[in-house]
Every structure is written in C-alpha cells, then in structure tokens.
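One letter stands for each residue in the lines below.
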Amino acid sequence: MSAPLLQVRGVSRWFGGLRAVDEVSFDLGADEIVGLIGPNGAGKTTLFETISGFIRPTKGAISFDGRDITGQPPHRLARLGIGRTFQIVQPFRDVSVLQNVIAGVLGPNRETADPPAEAMAVLTRVKLDHRAAALARNLSLPEKKRLEIARALATRPRLLLLDEVMAGLNPAEIDEIMVILADIRRGGIALLIVEHVMRAIMSLSDRIVVMANGRKIAEGLPAAVAADPAVIEAYLGRRHHGTA
Ligand SMILES: Nc1ncnc2c1ncn2[C@@H]1O[C@H](COP(=O)(O)OP(=O)(O)OP(=O)(O)O)[C@@H](O)[C@H]1O
C-alpha cells in the first residue's frame, strides 16, 4: 500500500450512552478502494459522517494527506480534496444535469477556464453526457445515482466517499456503476465505499473494513474477510438488506 492518504485513529462517536462508533482505526492509500461493510446499525454511516465532516467524533483523530482534519467542516474538507455522495440523492431538481455539475465545478476548489467544458468531461466519465440538457428531476434512479457521483467528482476530489450509490439498482445498473468506479480509481482518485451490495463491494474493493456494534471486527482482503468467522457471525446474527 502507498503512504496513507486517509488515517482514521481510534475514532469514536457516542450518542448519549450508545457507542455508535467505538475506537475504529484504519488507513486508506492514495490509490486504494476500501469498502466499509457491516450489518444494519453497525455504525458505518456514523463513521462516514465523521470522516466527511458532518459529525464531530467524540474521540479519536482523522488525518488526510498528513494533515489533521478532525472536526473540520465539510466545505473545508472539500477544499482539501475530500468529496462525497449522499445516500438520499439530492441534486438541484429543476435545473439541468449540466448545471448541477457546473455547480460542483464552481465549488470550493475553483479556478477553471471553462466550467461547462469541465462539467461535460465529468458527465462523460459517468456516462451521462447524453443527458446533459435534461432536468435533473427527469432522470431515472440509475441516472440520478450517476449524477450524484458526477457532482462529487466535479469538486476534483483526491478521495471520494460513496454512500450506498448502488442501493435500489438492478444487477445491470450495478455493473455499470462498478465500471465507472473502477475508471475513477484508475484516474487516481481513492474511494471509500459504504455499500450493502456484497457482490459489488467484494469485487471492487482492494480491502474491506467490517464493522459490527460500532467496532471494527475485521479488516483485510475481500476473500479473507468473507471467510472470517467473526464476520459471518455478525451477518448471520441479523438481517441485512440488498444483496443483489
Ligand atoms: N443522530 C443519532 N442519534 C442517536 N443515535 C444515532 C444517531 N445516528 C445513528 N445512531 C445510532 O447509531 C447506531 C449506528 O447507526 P449507523 O446509521 O451509523 O449504522 P449503519 O451501519 O450505517 O447502518 P445501516 O446499514 O442501516 O445504514 C445505530 O444504533 C443508530 O440507531
């Protein structure tokens, strides 16, 4: 693994007496895809929100590119090169797909000669260039998911945090997103992916971090993690959704 781009060290987040995230540590390299999995309620979203700056950790430290970013707000993190998608897709509904992406292009990192051209290049990367003129609200769900990725990509992240971008998609649509994500990584962007679609996360990720009850219970290569008795036990003990 290359020198870590992201370092999560002993991060905890408590809600009253509930330890939603409990002393979790892991690294993510500059050219890596790391999958974050675990049964419902494991703490994945809470950890993701602490990394993306929407929730402050109760304890622990997070660094990005060697710089302490613990508790920094999302717009500062965006400027440093951390982009994210939202579980609930939230584009500007009544403007065009292209305008939505231009808004990202003109976001925090901004000096660009030709925002529309840059936005079109991003749309091409997510295979949505043919829908540039459509209103965002008229996109299908798989198109909206790709727009969500495009809006995050438009901020020129070095690390992209993806929150369930495959939820609700059929197997062919999932395959399409997998191709796009692999291409994004080849372009030099690291990915942290929270996802319930096991087939996709196991084949895309270089490494998997598994959480249950707020704690990291396993970390390693996808095949090793899938065979880990503690992981199997955590999943068998509960129901989880979306294994398409
Ligand atoms: N704002 C909050 N206030 C109180 N409890 C919370 C809050 N956010 C999350 N929790 C609790 O923290 C625990 C972890 O939730 P979290 O959403 O992080 O899990 P998750 O692994 O993302 O689950 P899922 O896969 O279902 O999205 C759960 O018990 C949840 O109810």
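Position numbers for residues start from 1 in each chain and track the written sequence from start to end. Under the rules for a predicted model, residues below a pLDDT of 70 receive no local features and side-chain atom pairs below 80 are neither given nor counted, while totals for whole chains, interfaces and linings still include all residues. Note: side-chain values were computed over all heavy atoms of the structure, leaving out hydrogens and water.

1. A short note on the nonpolar core
Rules: Residue types Ala, Val, Leu, Ile, Met, Phe, Trp, Tyr and Cys, when buried and joined through side-chain atoms within 4.5 Å, form a set referred to as a nonpolar core. Accessible area is worked out with a 1.4 Å probe on protein chains only. A residue is then buried under 20% of its type maximum, exposed over 50%, and partly exposed in between. Put simply, DSSP H or I for four residues or longer makes a helix, DSSP E for two residues or longer makes a strand, and each gets a number counted from the N terminus. Domain borders in the structure are assigned automatically or taken from a domain database. What makes two residues a contact is simply this: any of their non-hydrogen atoms within 4.5 Å.
One finds Val 101, Ile 149, Met 166, Leu 181, Ile 184 and Leu 191 to be the most contacted residues of the largest nonpolar core, which totals 47 residues. Top element by residues in this core is helix α6 (residues 171-186). It accounts for six residues. Here this core gathers at least three residues from each of two domains, domain 1 (1-81 + 158-244) and domain 2 (90-156). For Leu 181, the contacting residues outside a window of four places in its chain are Ile 149, Leu 162, Met 166, Leu 191, Ile 193 and Leu 204.

2. Things to note about the sheet that holds strand β2 (residues 18-29)
Note: strands within a sheet are paired through backbone hydrogen bonds, in either parallel or antiparallel orientation. Heads up, the rule is: In this analysis, strands are considered paired if DSSP registers two or more bridges between them.
Across the sheet, four strands lie side by side as β2-β1-β4-β5; this open sheet has antiparallel pairing. Only two strands of the sheet have a single partner each, and these edge strands are β2 and β5 (67-68). Note that strand β4 (residues 59-64) and β5 share two bridges and pair antiparallel. Counted as the bridge partner of Ser 63 is Asp 68 from β5.

3. Side note on the domain arrangement of the protein
This is how it is decided: Defined here as a combined quantity, buried area equals the accessible surface (1.4 Å probe) lost by two parts on assembly, summed across both. Any Lys or Arg side-chain nitrogen found within 4 Å of a carboxyl oxygen on Asp or Glu counts as a salt bridge.
Structurally, the protein comprises domain 1 (1-81 + 158-244) and domain 2 (90-156). Taking only C-alpha atoms, the centre of domain 1 and the centre of domain 2 are 24 Å apart. Interface of domain 1 and domain 2: buried area, both sides summed, is about 1400 Å²; carbon and sulfur atoms make up 67% of it. Along the contact surface separating domain 1 from domain 2 lie one salt bridge.

4. Topic: the sheet that holds strand β8 (residues 190-194)
Quick reminder of the rule: Comment: axis = line fitted to C-alpha atoms, over the contacting stretch for helices; angle = value between 0 and 180 degrees taken between N-to-C directions.
On the basis of which strands lie adjacent, the open sheet formed by six strands has the order β6-β7-β8-β3-β9-β10 and mixed pairing. Bordering the open sheet on either side are β6 (82-84) and β10 (215-220), each of which pairs with just one other strand. Each strand axis lies, on average, 20° off the axis of its neighbour in the sheet, ignoring direction. Here strand β9 (residues 207-212) runs beside β10; their pairing, made up of five bridges, is antiparallel. Bridged to Ala 212 within β10 is Arg 215. Packing of helix α1 (residues 44-51) onto the sheet brings it into contact with β3 (33-37), β6, β7 (159-163), β8 and β9, and relative to β7 it is tilted by some 150°.

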